[in-house]
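Structure assessment
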Amino acid sequence: MAVDAAFRDSLLNRLSLLGPVTARAMFGGAGLYLEGTIFGLIAGNGLYFKVGDDNRSDYEALGCEPFVPFPDKPYPMSYRRVPDRVIDAPEELRRWAEKSVAESRRAASTRRKNR
């Protein structure tokens, strides 16, 4: 899925409350990074944030679907779609993004310890 440049730029503007968020092209979409940590994905017209034990319930409570990169191989990744109402509320978006950054950093730390 190609990323709409206007949608990407709008998200980067909204996420600027978090800090210097950047987007890098990957697999037809874009990864969202804060200080070298990937915490989100843009795929098509959807925004997905990293989930883990500390924030999964936020997404499940709202019925947010997991990111499935290949529809013919339905193996969801640990990212869930961010609801439009969150995207449209800057402070709430910042809080959700902060939780996702924390989850990404925790997951990376666990991977390093297990090596």
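Residues numbered from 1 in each chain as written. Predicted model: local features only at pLDDT ≥ 70, side-chain atom pairs only at ≥ 80, totals over all residues. Heavy atoms only, no water.

The subject of this paragraph is the sheet that holds strand 3 (residues 37–43). Backbone-to-backbone hydrogen bonds join strands into a sheet, with any given pair of strands oriented parallel or antiparallel. Ordered by their spatial adjacency, five strands build an open sheet running 1-2-3-4-5, and the pairing between neighbours is antiparallel. With partners counted over all chains shown, the strands left at the sheet margins are strand 1 (21–26) and strand 5 (79–81), one partner each. Taking each pair of neighbouring strands and ignoring which way they run, the sheet shows an average axis angle of 30°. Pairing analysis gives three bridges linking strand 4 (residues 46–50) to strand 5, with the strands arranged antiparallel. In the strand pairing of strand 5, Lys50 is matched with Tyr79. Across the sheet, helix 1 (residues 5–15) lies against strand 1, strand 2 (29–34), strand 3 and strand 4, angled at about 150° from strand 1, the strand it touches most. (Pairing = 2+ DSSP bridges. Helix = DSSP H or I, 4+ residues; strand = E, 2+ residues; numbered from the N terminus. Axes fitted to C-alpha atoms, helices over the stretch in contact; angles between N-to-C directions. Contact = heavy atoms within 4.5 Å.)

With that settled, consider the packing of aromatic side chains. What the rule picks out here adds up to three aromatic pairs. Ring geometry for Phe39 and Phe49: centres 5.6 Å apart, planes at 45°, overall tilted. A residue pair is termed long-range when its members are at least 10 positions apart, and Phe39 in strand 3 and Phe49 in strand 4 qualify at 10 residues. By relative accessible area, Phe49 is classed as buried at 0%. Measuring from ring centre to ring centre gives 4.6 Å for Tyr59 and Trp96, while their planes differ by 70°; the resulting arrangement is edge-to-face. With Tyr59 in helix 2 (residues 56–61) and Trp96 in helix 4 (residues 90–113), this pair connects stretches of sequence that are 37 residues apart. You'll find Tyr59 and Trp96 in the same group, each marked buried. (Phe/Tyr/Trp six-rings, centres within 6.5 Å; stacked < 30°, edge-to-face > 60°. Buried < 20%, exposed > 50% of the residue type's maximum accessible area, 1.4 Å probe, protein only.)

A few words on the pattern of salt bridges. Counted by the stated rule, this structure contains 12 salt bridges. Salt-bridge contacts for Arg81 lead to Glu65; the nearest nitrogen and oxygen are separated by 3.9 Å. Highlighted residues: Arg81 in strand 5 and Glu65 in the loop between helix 2 and strand 5, separated in sequence by 16 residues. Residues joined in a network through salt bridges with shared partners are Asp54, Glu103 and Arg106. (Salt bridge = Lys/Arg side-chain N within 4 Å of Asp/Glu carboxyl O.)

Phi is positive for Phe27, close to 50°, though the residue is something other than glycine. Relative to the helices and strands, Phe27 is located in the loop between strand 1 and strand 2. Accessibility expressed as a relative area gives 82% for Phe27, which makes it exposed. Residue Glu35 is not a glycine yet carries a positive backbone phi of 50°. Among the structural elements, Glu35 can be located in the loop between strand 2 and strand 3.

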